[in-house]
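Summary of structural features
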Amino acid sequence: MTDTSADLVILGGGSGGYAAAFRAAELGLSVTLIEKDKLGGTCLHRGCIPTKALLHAAEVADETREAEAVGVKAVFEGIDIAGVNKYKDGIVARLYKGLQGLAKAHKVNLVEGSGTFVGGTTVEVDGTRYTGKNVILATGSYSRTLPGLELGGRIIASEQALSLDYVPKKVVVLGGGVIGVEFASVWASFGVDVTIVEALPRLVPNEDEFASKQLERAFRRRKIAFKTGVKFTGAKQDDNGVSVSLESGETIEADLLLVAVGRGPNSAGHGYEEAGVEIERGFVLTDERLRTNLPNVYAVGDIVRGLQLAHRGFQQGIFVAEEIAGQNPRVIDESGIPRVTYSHPEVASVGLTESQAKDKYGSDVTTFTYDLGGNGKSQILKTSGGVKLVKAPDGPVVGVHMVGDRVGELIGEAQLIYSWEAFPEDVAPLIHAHPTQTEALGEAFLALAGKPLHVHS
């Protein structure tokens, strides 16, 4: 059995794994990166990037339909799904090629194959053992389903939804979280009759209630049906469609059922438990510095409990690489990780919801909501929504929540405000270019600082 060694062995080449590999290489460490599929993982090939490509195609479809409202003559003839997929796949291919080039430039030893963590700091791939001074576990996540609900045929997960070669007429989306509302948004723009089923009381239930209400209002206008607070009880399929049953006794007929009930940690089948790694409900347990219970063994990304976001895993990968290199990086603040749902309209947030802030600070939390109706650029874009700020008593702003088209592009400033523990008085004097949607942030902070301008009392 061949044995190879390196300063760092990484199992998993998704966002967390490759970020750790590249940063460690920059810091002078030798790196072996093991990936059974393609470098870039779920985010690049079956998640973030292809989904957002579909969402952009959906945006173009909507803008074409609505062109006459801005004086442009255009005719919407329909969706060429083959063309959409060619566009989507081309973007993925270009980014994948670039990532491969970066791996080569960083002199990362990329090993293709399914790896098993065999204990100590060793990973085995097809009979070859790769031993590092340190190991990072970064095997990502998989699409969950519900007990008794088997994926297959007309019952699909997001991976299959991304590769459809036709536009269905009617779809039921099981789950009103990020994945569910994004696909619902795409399909509605493509002319599909969509119904979302969510067991919790509101869509995007992890967001502030303000954001949920704004999104629900927008979806009603778009004629996207949703049933919240209703549990799914079963589904039957045949050659003609799928029949979805709800606890209320209602049955919904559709062409497809998209199961979008979240993602589970991909920790099984890699030897973790057998090697003594502590796991709870599938998640690898780590401390705040992402160390597992085993010496010199770390974990990053979706297998670590918390937000399952590519940029979280990416930053965790950088953090661990720097930790291993002795740079003592600052611990990542989980609440400071920006969150964006790329539906139409978008939902973007960072920090605490109003409810979370009240749990932490008491009832004296202050909030202010600025309506995008007063923002010139938002009116040009014909989007509605708002910006909500959550402020701690006699303290900084601890939460920023935004709804509206393109507000995901504002989350960078919102993250800086949260991370710097800024008071309204710190942000109010900053100049925001006109006309931009960033002015909505500026106006909200002016109002919270006691200097409201474009705000109706």
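We now turn to the structure provided with this report. Not measured: the values here are computed from a predicted model. (Residues numbered from 1 in each chain as written. Predicted model: local features only at pLDDT ≥ 70, side-chain atom pairs only at ≥ 80, totals over all residues. Heavy atoms only, no water.)

1. A short note on the packing of aromatic side chains
Rule in force here: Between 30 and 60 degrees the pair is tilted, below 30 it is stacked and above 60 it is edge-to-face, where a pair is any two Phe, Tyr or Trp rings, Trp via its six-membered ring, whose centres lie within 6.5 Å. A run of H or I in DSSP counts as a helix once it spans at least four residues, and a run of E counts as a strand once it spans at least two, with each numbered from the N terminus. Burial status follows relative accessibility: with a 1.4 Å probe on protein chains alone, a residue under 20% of its type maximum counts as buried, one over 50% as exposed, and anything between as partly exposed.
Inspection of the entire model under this criterion finds 3 aromatic pairs. Taken together, a centroid distance of 6.1 Å and an interplanar angle of 70° make the contact between Y18 and F314 edge-to-face. Here Y18 is found in helix α1 (residues 15–26), whereas its partner F314 is found in helix α8 (residues 310–324), with 296 residues between them in sequence. Taking relative accessible area as the criterion, Y18 reaches 16% and is therefore assigned buried. Seen in terms of ring centroids, F183 and W187 are 5.6 Å apart; in terms of plane orientation they differ by 40°. Their pairing is tilted.

2. Side note on unusual backbone geometry
Here H344 and P345 are connected by a cis peptide whose omega angle stands at 5°. Relative to the helices and strands, P345 is located in the loop between β20 (339–341) and β21 (346–351). Here the residue pair H434 and P435 is connected by a cis peptide bond, since its omega of -5° sits within 30 degrees of zero. With respect to the helices and strands, P435 occurs in the loop between α12 (424–427) and α13 (438–448). We note that L290 has phi near 65°; this positive angle belongs to a residue other than glycine. If you trace the backbone, L290 turns up in the loop between β18 (283–284) and β19 (297–299). Look at L290 and you get buried, because its relative accessible area is 6%. Although it is not a glycine, N328 sits at a positive phi angle of roughly 50°. Looking at the element boundaries, N328 is found in the loop between α8 and β20. Since its relative accessible area comes to 59%, N328 is described here as exposed.

3. Observations concerning the sheet that holds β21
Adjacent strands of a sheet form backbone hydrogen bonds with each other and so pair up, either parallel or antiparallel. This is how it is decided: Pairing between strands requires that DSSP locate at least two bridges from one strand to the other. Only the stretch in contact is used when a helix axis is fitted, and all axes are lines through C-alpha atoms; the angle between N-to-C directions ranges over 0 to 180 degrees. We call two residues in contact when some of their heavy atoms are within 4.5 Å.
With respect to topology, 5 strands assemble into an open sheet ordered β20-β21-β24-β23-β22, the strand pairing being antiparallel. What marks the edges here is a single partner per strand, and that holds for β20 and β22 (366–371). The sheet shows a mean angle of 10° between the axes of neighbouring strands, taken without regard to direction. Strands β21, β22, β23 (386–391) and β24 (397–404) of the sheet are contacted by helix α9 (residues 354–361), whose axis makes an angle of about 5° with β23. Here α13 sits on the sheet and contacts β22, β23 and β24; the angle it forms with β22, its principal contact strand, is near 140°.

Everything listed here is a matter of coordinates, which is why it stays silent on function.
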